[in-house]
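# Coordinate analysis (summary)
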Amino acid sequence: MSSADDYNVGAGHRNGGAAMKGSTHKGCSSPPSRNDSLQGEVQAFLTEEDQLHTYDDLTKVNPVTPTTVLKCLQARYSVKVFYTHAGCTLVALNPFQPIPELYCLDVMKEYHCAPQPQEFKPHIFIVAEEAYRNVQGQLEPVNQSLVVSGESGAGKTWTSRCLMNYYATVAATTSVVKNQDTVERIERRVLDSNPIMEAFGNACTLRNNNSSRFGKYIQLQLDRGQLLVGASVQTYLLEKTRVACQPANERNFHIFYQMMKGGTDGQRKEWMMPRDQHFVWLPNCEKAIEEDCLVQTVDAMVNLGIDKEKQQQIFRTLAGILHLGNVGFSSSTDESQPCGLDEKSKDFLQSSAELLRVSTEELQTCLRVRTLKAGKQSVLKPCSQAECSVRRDCLAKVIYAQIFEWLVTFINNSICADKSTWSNFIGVLDVYGFECFRINNLEQLCINYANEKLQQHFVAHYLRAQQEEYVSEGLEWSFVKYQDNQSCLDLLEGSPISVFSLLNEESRLNRVSDAKTLKVRLEKELSDNANISWDKFSKVPHFAVAHYAGRVNYLIEGMVEKNKDPVPPELIRLLQESENPLLHQVFTDKEAENPTTKGLSKVTVVSKFKNSLESLMKILHATTPHYTRCIKPNPDCKPMTFKKEEVIMQLEACGIVETIHISAAGFPIRIPFASFMQRYKLIARHSGSHSVDSEAGGSALHTEVEKLVSVVLRDLSREKHKTLVHCGRTKVFLTQAMLDLLEDQRRKVLSQCSFSIQCCWRRYLCRRRHACRQSATLIQAVVRSWLVRKQVQKWNKAAGVIQGTWRKWKALMKSLAEAELDDAKDLMEEDAPVMSSLVRERGSVQLSTIQEPVTVRSWPMGLALASAPSITMSLTATGFQKMMSVMASINLPSRKGEYKVKTNQCTQELASIRAQPKGSVKLHYQRSPLLYAHRQPGLKTDVTGLNEILLEKTL
């Protein structure tokens, strides 16, 4: 089964206009004299059939009658438009064919990002987005509930799946990278819970290929940032009897067929399920449907954290249930002996015992022999053939129910968030639809009772409570008649006498149930209620209940036993001793949590279901509901087939026409004065027309609210005001158009305020940036001046060091020069021959012109070399060692060349400064070193010996 919707470009505006008000009263309570007039209006409306498909909100239909509503839905269905607004309710028609492009990611984003999703064409995403935005809090955060109702096959499961996909997409978007993995894991687990729940809880019925055989309420948990952080699942009344008893032309739960069709050869061998094997509890196995996909179920189990070992235990248990269904019993001729088993049944019984990991002998004994307690003694009594079959079916049902319950608990543990991490939730309710089969028993009675409770919730919350509130708040209102199902609920659950109370009383009596006796009691105690009736000519005990959706006949036979739901204690003990860890765990835990009770305190199926349904209704009453009515267009589930009779019955049953009447003529939005002023007082504050006192109370607050409304509607007439808004005694009643107008003006004021705030903020940032720039400039100037001062101080210090060193060196040069000049006095004191006058006169002449060696004894070396650019001389005078010592210590640089000292000895070196040379010594100098006294001497000298000094090239 698949339900879909068509998305068209365009906008339909939802509002409750005044034009509908007159037509509402006329269509609802017109006098007989005006029937012709009403028929004329209907015919005039229906003449424009080419325009009927454009009515995306049925409150725009004029007049509102079942015929006009039906024609509009038929026209929209024919052009493949499947969603239509009906006031506060969304009507969804099932096309019975997949239309996946209408639920793709782009469509989700389009509705989620729209400023006003109501302006788009009707879609299930509008309901989802409205609930999501209500959680964010237009006035204050409120938990939301999405109630998806309709009969079996109308498309409730598909609609719930679409809602889950939508919230898992839009509520799981986050820009925080560190949380992205967590969000994706939660989103995947929430979505993966659906395939598992549908595989184990849905089945193919006459009216639907994917019918939910249990009810579920899924809470999607949101944190303060409206992000999805977890979820929880609550289930109601699994139809476990389907495991062992399938109605004609229907199938068992999907998971069994998935195992038969999707199991590998190795798995089938492990499950003892050969391909040619036929199982009694798997009828219509040849029928192929979309849900027969084992791979998807296994993948979902893996994503939820169910490991391979647990999967193996689950599938082996399910295979054991199938083998148990092929065990047949034959009656025994001797009542003291247990029923017999043929060879095939023995083989199936052994296979089932092996798969369930229990003893074959003990399993056979538990199925064929019951234990009776007489005082402290136990008596074994063989069971009849019928009793053996009942015990076999009971064993299969209790195993499957506990496996399903374990899966729900595991899913909740896997996806449920800690209470401290979430603040609000959005609930999605998907329950079984209203059912009416050829044979109806306790299961159908409970299912239809649940639908009655949901219909009563809708009536109480919207149809009745809204109109009563109009009157209490002082609105001029003419009541719209609607179908109230309270009398039917009183019949089923009323106190002190009702169908359920009599059924529980009969179930708790320690006797064999009798259908005729129960029928007599029902007739005696409940004959005054008009909703119950009997066919006196029928030989089969039954009773008929007039539900809101139609009359249903219930078979009394077997109803009491199903309500008792007895499980023989020996079967429980057998499963507790199973070597299958999963079976041992679930039945041991069940025994610890629910100890065996006796007598009247025993909880029946009806009591348990009623209590769980009451807790669900408390949750629904504490949340803001959003209704989606799914309509089944034809009983055969054929694509694009519209049967008027089928649809009109559903429209009348769920009160769609009455809903349209009230929505069109009333005010669907109701806001208390204080909340209204808190949200919209800024409109008057920025309008300049009035000074609104938001702190006023009582009647003054009422006056201030009227002032604010007049500010918003100052351009409209007084009569127009009454059609859009009404100020009651404690609340403001608004139409959708008025709410949109208020929100639009509030958005404009907020936009202006935000613009002013942005201007001030940007001006502040500019000034701050300028001040920071000036401060940075000043700091940079100070730092740079400090750095320059430090650099200058460093240079001055270095200059001082250089100058001090230079002065020391200069003083040293001066002292050396003075010492060199002082050598003349030492030479004069020696006994040396007198120099000739020619030599004395030519002291600064080129001495190389002299033919013979000249002895220079009286001249200082500095004076002798002062004027000679290039001198070659041979010295044989005494006292030469002192002059050579001075020359060796002063290695001065020259601008033109280098000084060279060569000896005439064979070593080309000076042997000793103190020793007399044994030959001539040639000195080649260009200038006197005294002329370059300002130059720093070279620091590199090679000393190879204590008395050896080499004069090297210097710069």
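Below you will find a few notes about this structure.

The next point concerns the pattern of salt bridges. Side-chain pairs of opposite charge can arise where the charged atoms are in close proximity. Within the structure shown, the criterion is met by 25 salt bridges. For Arg133, the salt bridge goes to Glu129, with nearest N and O atoms at 2.7 Å. Taken together, the residues span about one helical turn, with Arg133 and Glu129 both in helix α5 (residues 124-136) at a distance of four residues. Judged by relative accessible area, which is 25%, Arg133 ranks as partly exposed. Classification of Glu129 as buried rests on a relative accessible area of 1%. A salt bridge links Arg316 to Glu270; the nearest nitrogen and oxygen atoms lie 4.0 Å apart. Of this pair, Arg316 sits in helix α11 (residues 308-325) while Glu270 sits in helix α9 (residues 265-271), and the two are 46 residues apart along the sequence. Accessibility expressed as a relative area gives 26% for Glu270, which makes it partly exposed. Among the charged side chains, a network of salt bridges with common partners joins Arg213, Glu239, Arg242, Glu250 and Glu435.

Now for the sheet that holds strand β3 (residues 144-149). If you walk across this open sheet you meet the seven strands as β1-β2-β14-β3-β10-β6-β7, and the pairing is mixed. With one partner strand each, in any of the chains shown, β1 (83-86) and β7 (228-236) form the two edges of the open sheet. Each adjacent strand pair in this sheet contributes to an overall mean axis angle of 20 degrees, direction not counted. Judged from the four bridges that link them, β1 and strand β2 (residues 89-93) form a sheet pairing that is antiparallel. Bridging across to β2, Tyr83 finds its partner in Ala92.

The next point concerns the pairing of strand β6 (residues 215-222). Within β6, eight of the eight residues are buried, which leaves it mostly tucked inside the rest of the structure. Burial along β6 is two-sided: Gly215, Tyr217, Gln219 and Gln221 facing one way and Lys216, Ile218, Leu220 and Leu222 facing the other are all buried. Across eight bridges, β6 lies against β7 in antiparallel orientation. Within β7, the position partnered with Leu222 by the bridge is Leu228. Joining the antiparallel neighbours β6 and β7 is a turn of five residues, in which Gln226 adopts a positive phi near 60 degrees. The pairing of β6 with strand β10 (residues 424-430) spans seven bridges and is classified as antiparallel. Bridging from a neighbouring strand, Leu222 pairs with Asn424 of β10.

Moving on: the nonpolar core. If you look at the biggest cluster of nonpolar residues, it comprises 130 residues, and the most contacted ones within it are Phe200, Ile255, Leu318, Ile399 and Tyr400. With residues near it in sequence (within four places) discarded, Ile255 still touches Ala199, Phe200, Leu294, Thr297, Phe315, Leu318 and Tyr400. Residues Phe434, Ile556, Val605 and Met617 belong to the second largest nonpolar core, which totals 52 residues.

Between α11 and helix α12 (residues 343-356), the least distance of the axes is 8 Å, while the angle of their chain directions is 160 degrees. Between α11 and α12, the interaxial angle falls into the category roughly antiparallel. Viewed along their axes, α11 and α12 form a crossing whose handedness is left-handed. Where α11 abuts α12, its residues Arg316, Thr317, Ala319, Gly320, His323 and Leu324 lie against Phe348, Leu349, Ser351, Ser352, Glu354, Leu355 and Leu356.

What follows concerns the sheet that holds strand β12 (residues 542-547). Taken in spatial order, the three strands make up an open sheet running β11-β12-β13, and their pairing is antiparallel. Strands with a single pairing partner mark the edges of an open sheet, and in this sheet they are β11 (532-533) and β13 (550-555). Sheet topology places β12 next to β13; six bridges connect them, and they run antiparallel. The residue of β13 that forms the bridge with His547 is Gly550.

This paragraph deals with the pairing of β3. Sheet faces and side chains relate simply in a regular strand, where the side chains alternate between the two faces. In terms of burial, β3 is a largely internal element, six of the six residues being buried. With burial as the criterion, each face of β3 is covered, one bearing Gln144, Leu146 and Val148 and the other bearing Ser145, Val147 and Ser149. In this sheet, β10 lies alongside β3 in parallel orientation, the contact comprising five bridges. Considered in β10, the bridge of Val148 is made with Asp430. Pairing of β3 with strand β14 (residues 624-631) involves six bridges; the strand directions are parallel. Residue pairing in the sheet places Val148 in a bridge with Thr628 of β14.

Here is what the cut-offs are and how they apply
Just so you know, the residues in each chain are numbered from 1, in the order the chain's sequence is written. Only residues with pLDDT of 70 or above have their local features reported here, since the model is predicted, and side-chain atom pairs are shown and tallied only from 80 upward, although totals for entire chains, interfaces and linings are computed over all residues. The side-chain values count all of the structure's non-hydrogen atoms but skip hydrogen atoms and water molecules. Salt bridges are defined by distance alone: a side-chain nitrogen of Lys or Arg within 4 Å of a carboxyl oxygen of Asp or Glu. For helices the rule is a DSSP run of H or I covering at least 4 residues; for strands it is a run of E covering at least 2, with both sets numbered from the N terminus onward. The rule is simple: take the accessible area with a 1.4 Å probe, protein chains only, and divide by the maximum for that residue type; under 20% is buried, over 50% is exposed, in between is partly exposed. In this analysis, strands are considered paired if DSSP registers two or more bridges between them. Between the N-to-C directions of two axes lies an angle of 0 to 180 degrees, each axis being a line fitted to C-alpha atoms and, for a helix, fitted only over the stretch in contact. Side-chain atoms within 4.5 Å are what join buried Ala, Val, Leu, Ile, Met, Phe, Trp, Tyr and Cys residues into a set we call a nonpolar core. Here, residues are in contact when the closest pair of their heavy atoms is within 4.5 Å. Throughout, the term roughly parallel applies to angles under 35 degrees, roughly antiparallel to angles over 145, roughly perpendicular to angles from 65 to 115, and oblique to all others. The hand of a helix crossing depends on one turn: near helix anticlockwise from the far one by less than a right angle means left-handed, and clockwise means right-handed.

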